[in-house]
Amino acid sequence: MPTANKTALSQEKSNYIGRFAPSPSGPLHFGSLVAALASFLDARSQNGIWRVRMEDIDPPREQPGAAHQILKSMETYGLLWDGQVLYQSERYEVYRDIISDLRARGFVYPCTCTRKDLHGTGGVYPGICRDKTDNTKSPHSLRVRCPDTIIAFQDLIQGSIEYALPDLGDFIIQRKDGLFAYQLAVCADDAYQGITHIVRGHDLLNATPWQIHLLSLLNTAAPVYAHVPVITLANGGKLSKQNHAPGIPLDRPEQQLIKALRALGQNPDAELDGSSVSEILQWGIKHWQIDNVAKQPIVPLATLS
Ligand code: GLU
Ligand code: ZN
């Protein structure tokens, strides 16, 4: 296993704790590099702690070796984290306890709906099982009953964001196959790790209201959020294994880092050409301007040089 940054824990008292939370479903591609770099630069420019959490809660979607490969890539790119990597696969007991507690408090209900039942709902759960009382015998997922409230927050990049929770619907925290859902694990661990700042891809912006709500049920204040553009293929397609997006190359990280800085609206000096990874990152930390990151949800890879 690659090792963590051994020098930085002296900053343990920082009031900034950020994190990068990759899922090991494939190698680190350019889009995840951009998200990781944004989170890293925002943390380091404020003398913050920066953690890595491996979100390995979905074995069917996991690619063997990907977790190790992601950490290796991060080291090659100089994105050195503080402390130990937290593996979500080691936290099942905690997730189970949180779910029992939420159930006991009446915030969760079983849902037996099949994909067919939900056909045509546009991804917003229409509440079919909300008031059923005898649902637990058949296979079921568990959903959080969302109140009729508005969640508003100030995103450092996207500005004022407001969602009515009923427009998003009740969300799953444990799947029918028993696996814990991302929304549950991410909130459990952001709370556990004391995360104060979340800088991540725009694709998660509309999950944020659910997460703020779930954090409140865990008696945890919402962190500060910043959602950066997602880098896509020319046709808007996701950079992913399915689309044959390659992992970032390990042999010329400098070039890719400069390109990633540009993708984040930063203006790397021409003199950085020929600089080392650590010089580029030092420059990035010193000049980080979150205000220069585009609000756009996506940036096609082909538009970056
Ligand atoms: N594991 C999630 C992903 O790779 C990101 C989680 C997050 O940053 O909240 O898409
Ligand atoms: Zn249902």
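Residues numbered from 1 in each chain as written. Chains lettered and ligands numbered in written order. Predicted model: local features only at pLDDT ≥ 70, side-chain atom pairs only at ≥ 80, totals over all residues. Heavy atoms only, no water.

*Asks:* Would you explain the packing of aromatic side chains in this entry?
*Replies:* Centre distance and the angle of the planes are the two values used to describe a pair of aromatic rings. The final tally for this structure, using the stated rule, is seven aromatic pairs. Relative to W50, the ring of F20 lies with its centre 6.5 Å away and its plane at 15°, an arrangement referred to as stacked. Residue F20 is found in strand 1 (residues 17-20), and its partner W50 is found in strand 2 (residues 49-54); the two are separated by 30 residues along the sequence. Seen in terms of ring centroids, F40 and W50 are 5.2 Å apart; in terms of plane orientation they differ by 80°. Their pairing is edge-to-face. Residue F40 is located in helix 1 (residues 30-44), and its partner W50 is located in strand 2; the two are separated by ten residues in the primary sequence. (Phe/Tyr/Trp six-rings, centres within 6.5 Å; stacked < 30°, edge-to-face > 60°. Helix = DSSP H or I, 4+ residues; strand = E, 2+ residues; numbered from the N terminus.)

*Asks:* Just checking my understanding: could you explain the pattern of salt bridges for this structure?
*Replies:* Pairing between side chains of opposite charge can happen when the charged atoms of each approach one another. Applying the stated criterion across every chain yields a total of eleven salt bridges. R53 is the salt-bridge partner of D190, the closest N and O atoms lying 2.9 Å from each other. Residue D190 is found in helix 5 (residues 182-192), and its partner R53 is found in strand 2; the two are separated by 137 residues along the sequence. Classification of D190 as buried rests on a relative accessible area of 4%. The partner of R175 in a salt bridge is D58, with the nearest N and O atoms 3.2 Å apart. Placement of R175 in the loop between strand 8 (171-174) and helix 5 and of D58 in the loop between strand 2 and helix 2 (66-76) is noted, with a sequence separation of 117 residues between them. Each of R19, R53, E55 and D190 takes part in a single network of salt bridges with overlapping partners. (Salt bridge = Lys/Arg side-chain N within 4 Å of Asp/Glu carboxyl O. Buried < 20%, exposed > 50% of the residue type's maximum accessible area, 1.4 Å probe, protein only.)

*Asks:* I would appreciate a short explanation of the nonpolar core in the present structure.
*Replies:* Here is a general trend for soluble globular proteins: nonpolar side chains tend to be buried in one another's company. Counting residues in each nonpolar core, the largest one holds 50 residues, and the members touching the most others are F30, L37, W50, M74 and L79. Secondary-structure elements contributing two or more residues to this core are helix 1, strand 2, helix 2, strand 10 (224-228), helix 7 (253-263) and helix 8 (277-287). Apart from residues lying up to four places away in sequence, F30 is in contact with I231, L239, I248, Q256, K259, A260, A263, L301 and L304. Of all hydrophobic cores here, the second largest spans 34 residues; its members include I17, Y95, L142 and A185. (Core = buried A, V, L, I, M, F, W, Y, C linked by side-chain atoms within 4.5 Å. Contact = heavy atoms within 4.5 Å.)

*Asks:* I tried to follow the sheet that holds strand 4 (residues 108-111) on my own but got confused; where do I start?
*Replies:* One key point about sheets: their strands pair by backbone hydrogen bonds, in either a parallel or an antiparallel sense. Strand order in this open sheet of three strands is 4-5-8, and the pairing throughout is antiparallel. Every interior strand has two partners, whereas the edge strands, strand 4 and strand 8, have only one. Adjacent strand axes in the sheet meet at a mean angle of 45° when their direction is disregarded. Two elements, strand 4 and strand 5 (residues 141-144), share four bridges in a ladder whose sense is antiparallel. When the bridges of strand 5 are listed, P110 appears paired with L142. (Pairing = 2+ DSSP bridges. Axes fitted to C-alpha atoms, helices over the stretch in contact; angles between N-to-C directions.)

*Asks:* Even after reading the chapter, I still don't get the site of ligand 1, so can you show me in this structure?
*Replies:* Neighbouring ligand 1 are R19, A21, S23, E55, Y182, V186, R200 and L204. In the model, an oxygen atom of ligand 1 is placed 2.7 Å from a nitrogen or oxygen of the R19 side chain. Y182 places a side-chain nitrogen or oxygen 2.8 Å from an oxygen atom of ligand 1. For ligand 1, whose unbound accessible area comes to 300 Å², protein coverage reaches 77%. (Near = heavy atom within 4 Å. Polar contact = N/O pair within 3.5 Å; in protein donor to acceptor, adjacent residues only side chain to side chain. Areas by Shrake-Rupley, 256 points an atom, 1.4 Å probe, with all protein chains shown as cover.)

*Asks:* So what exactly am I meant to see when it comes to the packing of helix 7 against helix 8 here?
*Replies:* Geometrically, a packed helix pair is captured by the angle between its two axes and the distance between the axes. Axis separation between helix 7 and helix 8 bottoms out at 9 Å; the angle between their running directions is 15°. Accordingly, the angle class assigned to the pair helix 7 and helix 8 is roughly parallel. Crossing geometry of helix 7 relative to helix 8 is assigned as left-handed. Residues P253, E254, L257, I258 and L261 of helix 7 touch helix 8, and the partners they reach there are V277, I280, L281, W283 and G284. (Parallel < 35°, antiparallel > 145°, perpendicular 65-115°, else oblique. Left-handed = near helix turned anticlockwise from the far one by under 90°.)

*Asks:* Even after reading the chapter, I still don't get the coordination of the zinc ion (ligand 2), so can you show me in this structure?
*Replies:* For a metal with four tetrahedral donors the ideal donor-metal-donor angle is 109.5 degrees, whereas six octahedral donors ideally subtend 90 or 180 degrees. The protein atoms that coordinate the zinc ion (ligand 2) are C111 (SG), C113 (SG), Y125 (OH) and C129 (SG), at distances of 2.0 to 2.3 Å. For the zinc ion (ligand 2), the four donor atoms in the first shell make angles of 102 to 123° at the metal, so the coordination geometry reads as tetrahedral. Read N to C, the donor residues that coordinate the zinc ion (ligand 2) are spaced as C-x1-C-x11-Y-x3-C. Of the two residues, C111 is situated in strand 4 and C129 in the loop between strand 4 and strand 5; the sequence distance between them amounts to 18 residues. For the pair C111 and C129, a shared accessibility class is recorded, and that class is buried. (Donors = N, O, S within 2.8 Å, 3.2 Å for Na, K, Ca; no water. Tetrahedral: all angles 85-135°; square planar, octahedral: opposite > 155°, others 65-115°.)

*Asks:* I would appreciate a short explanation of the environment of G48 in the present structure.
*Replies:* Inspection of the secondary structure puts G48 in the loop between helix 1 and strand 2. Through-space distance from the C-alpha of G48 to that of Y16 is 4.6 Å; in sequence the pair is 32 residues apart.

*Asks:* For this particular structure, what's the right way to read unusual backbone geometry?
*Replies:* The phi angle of most residues is negative, glycine excepted, and most peptide bonds adopt the trans form. The backbone of N47 shows a phi angle near 55°, a positive value even though the residue is not glycine. Looking at the element boundaries, N47 is found in the loop between helix 1 and strand 2. A residue is classified by how much of its surface remains accessible, and N47, at 54% relative accessible area, is exposed.

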